[in-house]
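Topology and contacts: notes
This is what each chain is made of:
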Amino acid sequence: MSINFTILGQSIFFFVFVWFCWKFIWPFLIRAMRERQQTIADGLEAAAKAQRDLEHAEARAEEILNEARAEARGIVDDARGQAVQMIDNARTDAESERERILKAAQADVAQELNRAKETLRGEVADLAVLGAERILEASIDRDRHDALLDRVAADL
Amino acid sequence: MAEDAGGYIKHHLTNLTFGQKADGTWGIAENAEQAAAMGFWAIHVDSMFWSLVLGVLFCLVFWAAARKATSGVPRGLQNGVEMIVDFIEDTTSSIFQHTNSLIAPMALTIFVWVFFLNLMDLVPVDWIPGLAKWMGIEFMKVVPSTDPNITLGMAFSVFALIIFFGIKQKGVGGFIGELLFHPFEAPKGGNPIVRILLKVAFAPINLVLETVTLIAKPVSLGLRLFGNLYAGEMIFILIALMYTSAVFFVPGGVLHWAWAVFHVLVITLQAFIFAVLTVVYLAQAHDVSDEH
């Protein structure tokens, strides 16, 4: 139980083991642990970032979808407006066409009437002369009465 | 029986000592008296052997883990080793705020090594000495931390580091100043001549007090570990004596088990205390106190 050289031997062992641990054990273990800590921290960070990115992407997708919806609605509205316009145009065209056809028909009718009148006029003179000839049998000077008859025909 | 018991205990407490015998030849002491007569230039072969074996065991185990340490998923040995390293690192960094890469590995070495030294206490007291006797070795004290040479050897190594880092941090002047101008200080302000006179007057008493404080650190550090483990070992030896009696054989077994369970706590705690106090003392050595 006496103090002897063992105390110095133990001191030497102490410094050797502490030195060994200091140089060959501690740094490697600590480095591995720090690296793992870093890896885990990075992984968590990346996961959080991915989560944020996903949220952004979802928001963006929603935005695009809304835009598309609005655009589609716009297109439908435009088309509907255009259709109404086209129907209106068609109606206007049709009406003007009708007007035109009507006018042409009326003009034709008027023309036919005039032609009929002309014909009638010509024939009336002859008929009148014929009638008057029959009535008067002779004696009537055709040239003298033509002017008179023309006036009668014009009054028709 | 009483003499047998006395002899048994004494035998268990005697180191295998190598040194110069009374007749001038070098060799192993044949009994405790001869060992004591060898004086300082003798060595406890058993303590040294077990201390070395356990220290090497610590180095090998931790080195094996460190060599294959991966920052990926740790397995088996690395897991256990990392748990201890992490524990020591936490403890050290909470006590020791300065920058010194030596402190934490030293705390780890002390904790595990001292734990291993203490752990030998849980090996039944007659196993290894019995084996040694069978091999022709008369004395075999297997728990190195029951040898004050071992505990004080470590404590004074720590003491050397305290002084080394103390001087490194504060300079020789600062270190000596700390011994001379503490705890009694000249009051601040006032006549400078009176102040210097007071300082000179306080210096001797401060030196005595501070030297005692300083020396108390390694002595208490070493003797605490030694005392706890020596007492624990002694109780194991006394319990082992009960096995020789037919009447006390069963109660002896129960006691042995109970004391071993309790001792698991003691040896871990003592290893931890030794490591933590080392860190505390070295932190104090690094603290550059305010103006004196």
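Now for a quick tour of the structure. Bear in mind that the values here come from a model prediction, so they are computed numbers and not experimental data. (Residues numbered from 1 in each chain as written. Chains lettered and ligands numbered in written order. Predicted model: local features only at pLDDT ≥ 70, side-chain atom pairs only at ≥ 80, totals over all residues. Heavy atoms only, no water.)

1. What about the packing of aromatic side chains?
- On inspection of all chains with the given rule, the structure shows 21 aromatic pairs over all chains.
- Ring plane angle 35° and centroid distance 5.8 Å describe the contact between F184 of chain B and F202 of chain B, whose orientation is recorded as tilted. Taken together, the residues span a long stretch of sequence, with F184 of chain B in the loop between helix 7 (148-180) and helix 8 (192-242) and F202 of chain B in helix 8 at a distance of 18 residues.
- Ring pairing ties together the aromatic residues F5 of chain A together with F40 and W41 of chain B, which thus form one cluster. (Phe/Tyr/Trp six-rings, centres within 6.5 Å; stacked < 30°, edge-to-face > 60°. Helix = DSSP H or I, 4+ residues; strand = E, 2+ residues; numbered from the N terminus.)

2. Some details on the interface of chain A and chain B
- With 30 residues of chain A in contact, the opposing surface of chain B contributes 54 residues.
- Carbon and sulfur atoms supply 75% of the area that chain A and chain B bury against each other, a total of about 3,800 Å² over both sides.
- Across the chain A-chain B interface, the total number found is two salt bridges.
- Put simply, R34 of chain A and E89 of chain B hold a salt bridge, and the shortest N to O gap is 3.1 Å.
- Taken together, chain A and chain B are joined by 16 residue pairs in polar contact (both at pLDDT 80 or more).
- By residue class, the composition of the side of chain A that touches chain B is 21 nonpolar, six polar and three charged. (Contact = heavy atoms within 4.5 Å. Buried area = accessible area lost by both parts, 1.4 Å probe. Salt bridge = Lys/Arg side-chain N within 4 Å of Asp/Glu carboxyl O. Polar contact = N/O pair within 3.5 Å; in protein donor to acceptor, adjacent residues only side chain to side chain. Nonpolar A, V, L, I, M, F, W, Y, C, P; charged D, E, K, R; others polar.)

3. Re the pattern of salt bridges
Residue and element names in this part refer to chain A.
- The final tally for this structure, using the stated rule, is 13 salt bridges over all chains.
- One salt bridge in this structure joins D53 and K49, with 3.4 Å as the shortest N-O distance. Here D53 pairs with K49, and both are found in helix 1 (residues 6-136), just four residues apart, close to one helical turn.
- For D53, a relative accessible area of 38% puts it in the partly exposed group.
- As a salt-bridge pair, R121 and E118 come within 2.5 Å of each other at their nearest N and O atoms. Note that R121 and E118 are positioned in helix 1 at a spacing of three residues, about one turn of the helix.
- The class of R121 is partly exposed, set by a relative accessible area of 21%.
- A relative accessible area of 47% places E118 in the partly exposed class. (Buried < 20%, exposed > 50% of the residue type's maximum accessible area, 1.4 Å probe, protein only.)

4. Quick look at the sheet that holds strand 2 (residues 26-28) of chain B
Residues and elements named next belong to chain B.
- Pairing within the open sheet is antiparallel, and its three strands lie in the order 2-1-3. Across the chains shown, the open sheet's two edge strands, defined by having one partner strand only, are strand 2 and strand 3 (42-44). Averaged over all neighbouring strand pairs, the angle between strand axes comes to 15°, with direction disregarded.
- As judged from the three bridges shared by strand 1 (residues 17-20) and strand 2, these two strands associate in the antiparallel manner. Within strand 2, the position partnered with F18 by the bridge is I28. (Pairing = 2+ DSSP bridges. Axes fitted to C-alpha atoms, helices over the stretch in contact; angles between N-to-C directions.)

5. A closer look at the nonpolar core
- The biggest cluster of nonpolar side chains holds 61 residues, and the ones touching the most others in it are F14 of chain A together with F58, F62, V85, L108 and M154 of chain B.
- Examining the composition of this core, we find that twelve residues originate from one element, helix 5 (residues 103-119) of chain B, more than from any other.
- Excluding residues that lie within four positions of it along the chain, L108 of chain B makes contacts with C21 and W26 of chain A together with F58, F62, I84, V85 and I88 of chain B. (Core = buried A, V, L, I, M, F, W, Y, C linked by side-chain atoms within 4.5 Å.)

6. Points about the packing of helix 8 of chain B against helix 9 (residues 249-286) of chain B
All names here are of chain B.
- Between helix 8 and helix 9, the shortest axis-to-axis distance is 10 Å and the interhelical angle comes to 170°. As far as their axial angle goes, helix 9 and helix 8 are roughly antiparallel.
- Among the residues making up the contact of helix 8 with helix 9, the classes are represented as 17 nonpolar, ten polar and two charged. (Parallel < 35°, antiparallel > 145°, perpendicular 65-115°, else oblique.)

7. Overview of the packing of helix 4 (residues 76-95) of chain B against helix 5 of chain B
Residue and element names in this part refer to chain B.
- Closest axis-to-axis distance for the helix 4/helix 5 pair is 9 Å, and the angle between their directions is 125°. Taken as axis vectors, helix 4 and helix 5 run oblique relative to one another. Considering only the axes of helix 4 and helix 5, their crossing is right-handed. Every residue of helix 5 that contacts helix 4 at I84, V85, F87, I88 and T92 is listed here: I103, A104, A107, L108, F111 and V112.
- Residues of the contact of helix 4 with helix 5, tallied by class, amount to ten nonpolar, one polar and no charged. (Left-handed = near helix turned anticlockwise from the far one by under 90°.)

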